[in-house]
Amino acid sequence: INSDITFKGSADNIFILQTTGTLMQAASTNVILSGGAQAKNIFWQVEGTVWVGSSAVMQGILLAKTNVVFETGSSLTGRVLAQTACTLQKA
């Protein structure tokens, strides 16, 4: 994710995103919800690693086969489920 991404929908809409590779969110980018969309209804299914860059804002439920890494200053509204590890970096 190289720039801000917006999920627009009602509180009942469900979004499912699947990838066979790694999901990388660039530093200082945002996952934005509008129109009533809720983080609890966004599912990110990732076969590889999820990497959330410094000061990035992620929203949704992360289902990672390997690990999830949050760099310093990043945040999550949602949940993380990883088979291997969840790493929180602190400066």
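Up top is the structure these notes are about.
Figured I'd write up the structure that's included with this text. On a predicted model such as this, the values are computed, not experimentally measured, just so you know. Within each chain, residues carry numbers counting from 1 in the order of the written sequence. Confidence filtering applies because this is a predicted model: local features only for residues at pLDDT of at least 70, side-chain atom pairs given and counted only at 80 or more, and all residues used for totals across whole chains, interfaces and linings. Based on all heavy atoms of the structure, the side-chain values leave hydrogens and waters out of the count.

### Description of the overall build of the chain
Reasoning step 1: Secondary structure elements follow DSSP: runs of H or I no shorter than four residues count as helices, runs of E no shorter than two count as strands, and numbering proceeds from the N terminus. If you tally the helices and strands in the chain, you get zero helices and ten strands.
Reasoning step 2: For the chain, the N- to C-terminal ordering of α and β elements is β-β-β-β-β-β-β-β-β-β.
Reasoning step 3: Within these notes, the globule rule equals 2.2 Å times the number of residues to the 0.38 power, and the radius of gyration is based on C-alpha atoms. For 91 residues, the compact-globule estimate of 2.2 N^0.38 gives 12 Å, and the C-alpha radius of gyration of the chain, at 12 Å, lies within 12% of that figure.
Reasoning step 4: For the chain, the spread of C-alpha atoms along the principal axes amounts to about 35 × 25 × 20 Å.
Reasoning step 5: The cut-offs for exposure are 20% and 50% of the maximum accessible area for each residue type, with area from a 1.4 Å probe on protein chains only; residues under the lower value are buried, those over the upper are exposed, and the others partly exposed. Looking at the chain as a whole, 33% of its 91 residues qualify as buried.
Reasoning step 6: The contact criterion used is simple: two residues touch if any of their non-hydrogen atoms lie within 4.5 Å. For the chain, long-range pairs separated by at least 24 residues make up 44% of all intrachain contacts whose partners lie at least 6 apart in sequence.
Reasoning step 7: When the accessible surface of the chain is split by element, carbon and sulfur atoms take 51% of a total near 5,200 Å².
Reasoning step 8: Asp and Glu are treated as the negative residues and Lys and Arg as the positive ones, with His and the ends of the chain left uncounted. Here the site of a charge means NZ on Lys, CZ on Arg, CG on Asp, or CD on Glu. Across the chain, the centroid of the 5 positively charged side chains sits 8 Å from that of the 4 negatively charged ones. Each accessible area value is a Shrake-Rupley result obtained with a 1.4 Å probe; residue values ignore everything except the protein chains displayed when judging cover.

### Some details on the side chain of Gln25
Reasoning step 1: Examined against the element boundaries, Gln25 turns out to sit in strand 3 (residues 23–25).
Reasoning step 2: A residue is classified by how much of its surface remains accessible, and Gln25, at 2% relative accessible area, is buried.
Reasoning step 3: Contacts described as polar in this section are N or O atom pairs within 3.5 Å, which, within protein, must combine one atom able to donate a hydrogen with one able to accept it, while residues neighboring in sequence count only if both atoms come from side chains. Only 3.2 Å separates the side chain of Gln25 from the backbone oxygen of Thr29, close enough to count as a polar contact.
Reasoning step 4: Those residues in contact with Gln25, other than ones at most four positions away along the chain, are Ile1, Asn30, Val31, Trp51, Val52, Gly53, Ala56, Val57 and Met58.

### Regarding the sheet that holds strand 9 (residues 75–82)
Reasoning step 1: Only when DSSP finds a minimum of two bridges between them are two strands counted as paired. Spatially, four strands are ordered 2-5-7-9 in an open sheet, and the strand pairing comes out parallel. In this open sheet, the two edge strands, each paired with only one partner strand, are strand 2 (15–19) and strand 9. On average, each strand axis in the sheet is inclined to that of its neighbour by 25°, with strand direction left out of account.
Reasoning step 2: The pairing of strand 7 (residues 57–64) with strand 9 spans eight bridges and is classified as parallel. What sits directly across from Gln59, in strand 9, is Thr77. To define axes, lines are fitted to C-alpha atoms, for helices over the stretch in contact only, and angles between the resulting N-to-C directions are given on a 0 to 180 degree scale.

### A closer look at the sheet that holds strand 3
Reasoning step 1: If you walk across this open sheet you meet the four strands as 3-6-8-10, and the pairing is parallel. Strands with a single pairing partner mark the edges of an open sheet, and in this sheet they are strand 3 and strand 10 (85–88). Taking the axes of each pair of neighbouring strands and ignoring which way they run, one obtains an average angle of 5° across the sheet.
Reasoning step 2: Strand direction decides the pairing type here: strand 3 and strand 6 (residues 50–52), joined by three bridges, are parallel. Across the sheet, the residue bridging to Met24 is Trp51, located in strand 6.

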